[in-house]
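Remarks on the overall topology
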Amino acid sequence: MITGTGIVKTFKQRGNVLAGREVRALRGVDFAIPKGGAASFIGESGCGKTTLGRIIAGLESYDEGEVVIDGTAMSGLKPKQRQPHFRKIQMIHQDPYSALNPTRTVHQTLFAPLSLRAKQTGRSKGWIEERAAEVLSLVGLDPGSVLARYPHQLSGGMRQRVVIARALTVDPEMLVADEAVSMIDVSLRLGILALLKDLRERLGVSVLFITHDVATARYIGDDGELYVIYRGQVVERGAVDTVIADPVHPYTQSLLSAIPVLHGLERPGEQPVVPLSSLDATGDDTGCLFASRCPFRGERCDERPLLQVSEGFPQEHACFYPERRSVIARPLSEV
Amino acid sequence: MSATLIPESASAAGTMRRNFWRGVWRVMKRKPSRMAGVVIVVGFAFMGVFGPMFYPDHLPGDINQITKPPSWEHWFGTDPQGRDVLALVITGSRYVLLCAAVTAVITVVAGTAIGLFSGFKRGRWDTVLMRITDMKLTIPGLPLLLVLATVWKFGSPMQMGLVLGLLGWGGVARAVRAQTLSLRERGFIEAARGLGLSTTHIVSKELLPSMAPYIAMNMLISVTGAVYAQVGLFFLGVLPYESDNWGVMLNLAVFQAGAMIQPNALGYLLAPLLAILLLTLGIVLVVDAMDEIFNPRLREE
Amino acid sequence: MAEQAPGVRIGGLTVVYKTPAGELPAVRDVSLTLEPGSITGIVGESGSGKSTLALSLLNAVQPPGRISAGSVEIDGLGNVAALKGEELRKARGRHIGYVFQAAQNSLNPLKTVGKQLLDLGRSHGVEDLRGLVRDAKELLGRMGLDGARVLDSHQHELSGGMRQRVGIMLALVLNAHLVVLDEPTTALDMITQANILKIVREVHAERGLTTLVITHDIGVVAEVADRLAVMYGGRLVEQGPTREVLGSPSHPYTKGLINAIPRLVGDIDEARALPGRPPTLATVPKQGCVFRERCALRMDVCDTVDPEAVAHGPRIVACHAVTVKEHA
């Protein structure tokens with residue numbers, strides 16, 4: 001179980017000595033991902049979803065709040081003591097091309113973490129080789145044909161599989177997939193998504209999916225939770241299918257309205273929500289963060305709404321005027 | 001799964017090494033100029049190591065053959081003491097090449113180590129090391145060498161190489177640091193950290209190989225730099241003629257044999273110059289292949 | 001040139017790249033007609049040859065590539081594939097506007113947008129530079145930007161969506177009526193993408209353009225294009241009216257591609273990845289159908305004979321299995 005409470009992260013923009021501008025990347029985010037569970041963070045670029053993912057994977061520090069991994073709070077620990085905890089959480093990067101060292105073969109890539117593992121547990125060299133073949137088979141690659149290859153000899157999809165195999169060498173509890181399929185050919189994306197889902201089911205690894213493409217978030221499984229993040233704040237949170245089918249926050253609704261409609265197969269939703277302006281991360285920080293773009297702005301929006309449950313809606317949301325709207329495209333066959 | 005054959009890691013490493021050399025061979029074969037470069041460089045190395053063994057410690061001079069132009073007997077003529085110029089070039093090469101090798105090794109080892117450490121650790125260490133590097137870079141090399149020459153005789157090529165090496169690592173350190181800074185942001189370095197791999201592993205196995213072409217190029221180029229520097233010093237005559245080498249030859253050719261006005265002594269002047277030119281050419285031709293040798297993609301293509 | 005949208009007829013176009021293994025075709029025998037005033041979308045994965053095809057429209061395929069056969073007829077310009085030097089340079093920009101892939105990076109980071117606009121004007125011999133700036137501001141204003149401010153900005157001061165709009169402005173400001181957009185929304189997030197696609201549609205209608213959109217994302221084409229062409233391994237495997245192709249795809253690759261898109265509703269297990277992987281220049285079969293390795297309908301004839309593009313009503317499909325079914 002990995003939880004976070006009140007995570008705050010502020011980036012100080014460098015480059016200007018006199019006027020260091022501060023960017024609030026995260027403004028008190030709570031999350032909880034149970035063992036073997038799944039969650040996805042969605043939002044526009046710059047909303048803080050990637051920063052949050054990196055904090056969870058131990059690659060980024062945070063200013064306030066607490067990350068708890070299996071009951072151990074991280075903030076009190078020294079970096080050396082934190083390391084073994086964060087090792088249970090492995091990051092799958094967006095770009096499989098830079099995630100593998102071009103000068104090392106697949107064998108070398110897997111051998112290093114495995115031999116470390118073998119040393120810690122007192123296992124033999126044979127175990128390393130066996131395990132290397134095993135993790136490759138787990139991600140759907142043929143060990144015999146890929147072990148001796150360099151990354152440039154593999155396709156994008158195969159590389160991403162090797163990256164996942166490398167993460168599996170340390171028996172992780174959770175995989176953090178940051179836009180893990182956006183650089184992969186369309187016809188192969190689904191294979192990677194299915195693999196992540198499959199690893200969840202077979203190995204009980206939890207999956208955290210970070211994406212701007214809401215539809216891919218469904219692949220983590222229907223028991224997964226969806227976190228919609230806007231300018232460092234979670235604005236809607238609930239079961240994946242609930243939030244997608246019945247979003248109540250205008251921001252979630254605009255995200256879903258923006259998804260292209262496959263005309264000929266689908267018809268668009270009846271009440272699409274279009275934001276009044278484009279994202280301005282430097283905008284004013286008082287009141288509701290989305291208010292300046294929100295077509296449904298009301299009197300109370302000068303205050304900051306908190307994530308809460310209100311009557312009639314199964315999900316949590318941060319809006320004073322929640323309302324269901326039919327925004328997503330539906331298949332023609334459904335009518 | 002059990003059906004797949006997995007080679008033992010020891011033999012796997014052996015295969016890898018064999019593949020590497022096969023790749024190197026392929027890269028070299030791609031352009032005839034590279035092969036020529038290798039032949040030249042290997043030839044010079046051979047000359048430096050074994051050449052002097054074929055000659056007595058003190059080359060015999062023939063009084064009847066003083067400062068002669070090139071002939072069949074003496075390909076580059078003779079010097080004012082009647083010694084064969086080609087023999088002088090060969091016996092003199094050991095000092096020059098040994099010094100250059102020492103310089104190259106010191107430059108690259110010190111430069112790479114400091115650059116890597118600085119770029120990888122960042123923070124306070126980085127600041128301190130880079131200030132030192134900057135200070136070192138501001139020291140003008142030639143005047144310092146001139147001053148040093150008054151107190152130190154540089155009788156052995158090791159001493160000479162040591163001094164040149166200690167003067168030369170600054171640029172490499174800066175460049176390696178810049179490379180390290182950009183590489184450490186790459187996904188695979190971050191992943192290695194996330195997997196809990198040791199810093200030693202990350203630096204030696206992940207970072208260093210990515211920088212290998214760079215380092216190898218710097219090493220080869222610093223060889224030529226060292227050759228120029230020492231030959232220059234000896235030519236200027238700021239160092240005593242305690243040893244035979246190309247710089248001393250040039251100096252004697254110009255100032256003693258009067259090669260500028262004496263056509264007979266032209267061979268004496270040209271022979272060491274040609275040697276330097278040829279060595280530089282060889283190195284430049286080999287450097288051309290470095291990128292392809294250390295980049296698996298270019299190597300295997 | 002005529003002030004209305006030009007038609008484009010690509011006939012039997014083949015573009016080859018010189019490699020150590022000989023000359024390999026990136027685009028092979030492609031015929032495609034862009035009706036005047038239409039938006040056509042070309043969909044394909046990496047290595048399908050879609051970008052090479054788009055570059056051929058400007059005869060801008062860079063060595064080691066070259067157009068080895070076929071023609072690209074553009075109304076008012078003639079066969080672009082035969083144009084050379086100065087004529088060709090004038091045609092680009094003046095008649096054909098090209099919005100490069102990831103316009104994010106195609107701007108000069110050291111110059112303001114305005115300076116780059118003036119450079120563009122000068123290199124095309126525009127006399128009235130003031131007028132050019134006025135047009136640019138108008139176009140930017142039309143796309144919801146503050147023209148004066150954007151022209152004064154450097155690339156790093158603009159967001160991804162703004163840069164893409166600047167790219168569209170630069171492609172249109174010389175009054176080109178044929179516009180090619182190469183991956184117009186890659187690396188943009190959903191809301192910005194929807195915005196850009198809306199702008200593409202509106203500008204297309206208002207200025208009377210013929211537009212070609214190149215993308216890997218069927219969703220993008222579905223939103224903007226009237227006609228859809230699917231490329232695979234350098235071949236055009238299916239083309240037809242967008243709604244028809246999406247509603248009832250004929251070619252097994254088109255079917256697979258549409259099936260592989262995760263959707264928001266319905267059973268997600270219905271969506272399926274295609275087996276195998278897209279071919280590269282080196283692995284694309286030299287003989288027979290390029291898709292057969294991944295095809296569920298593979299027959300013996302597919303190994304030896306390259307299927308011809310056959311018209312079935314408004315639809316053109318290159319597949320033996322589909323042809324057989326039609327005749328049966």
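Residues numbered from 1 in each chain as written. Chains lettered and ligands numbered in written order. Predicted model: local features only at pLDDT ≥ 70, side-chain atom pairs only at ≥ 80, totals over all residues.

Points about the interface of chain B and chain A
At the junction of the two partners, chain B supplies 22 residues and chain A supplies 30 residues. Looking at the side of chain B that touches chain A, the elements that each hand over two or more residues are helix H1 (9-30), helix H7 (187-194), helix H8 (199-236) and helix H11 (296-300) of chain B. Partitioning the side of chain B that touches chain A into residue classes produces 10 nonpolar, 7 polar and 5 charged. (Contact = placed C-beta atoms within 7 Å. Helix = DSSP H or I, 4+ residues; strand = E, 2+ residues; numbered from the N terminus. Nonpolar A, V, L, I, M, F, W, Y, C, P; charged D, E, K, R; others polar.)

Here's the deal with the sheet that holds strand S5 (residues 72-73) of chain A
All names here are of chain A. Strand order in the open sheet made by the 4 strands is S2-S1-S4-S5, with antiparallel pairing throughout. Edge positions in the open sheet fall to strand S2 (22-33) and S5, since each of these has one partner strand only. Pairing analysis gives 2 bridges linking strand S4 (residues 64-69) to S5, with the strands arranged antiparallel. Residue pairing for S5: Ile-69 is matched across the bridge by Thr-72. Across the face of the sheet, helix H1 (residues 49-56) comes into contact with strand S1 (2-12), S2 and S4 while running at roughly 120° to S1. (Pairing = 2+ DSSP bridges. Axes fitted to C-alpha atoms, helices over the stretch in contact; angles between N-to-C directions.)

Concerning unusual backbone geometry
Residue C:Pro64 follows C:Pro63 across a cis peptide bond; omega there is 10°. Mapped onto the fold, C:Pro64 is located in the loop between helix H1 (50-56) and strand S4 (65-74). A positive phi is found at A:Asp70, a non-glycine position, where the angle reads about 45°. Notably, A:Asp171 is not glycine yet its phi reads approximately 45°, a positive angle. Within the secondary structure layout, A:Asp171 lies in the loop between helix H6 (156-168) and strand S7 (174-178). Among the residues examined, A:Asp171 registers 14 C-beta atoms within 10 Å and is labelled partly exposed. (Buried ≥ 20, exposed ≤ 12 C-beta atoms within 10 Å, placed from the backbone.)

Examining the nonpolar core
By size, the foremost hydrophobic cluster in this structure holds 207 residues, and its most contacted members are A:Val176, A:Ala177, A:Leu208 and A:Val228. Take this core: its biggest share by element is 8 residues, from helix H7 (residues 186-203) of chain A. Formed by 63 residues, the second largest nonpolar core is a distinct cluster that contains B:Ile90, B:Val172, B:Leu285 and B:Ala289. (Core = buried A, V, L, I, M, F, W, Y, C linked by C-beta atoms within 7 Å.)

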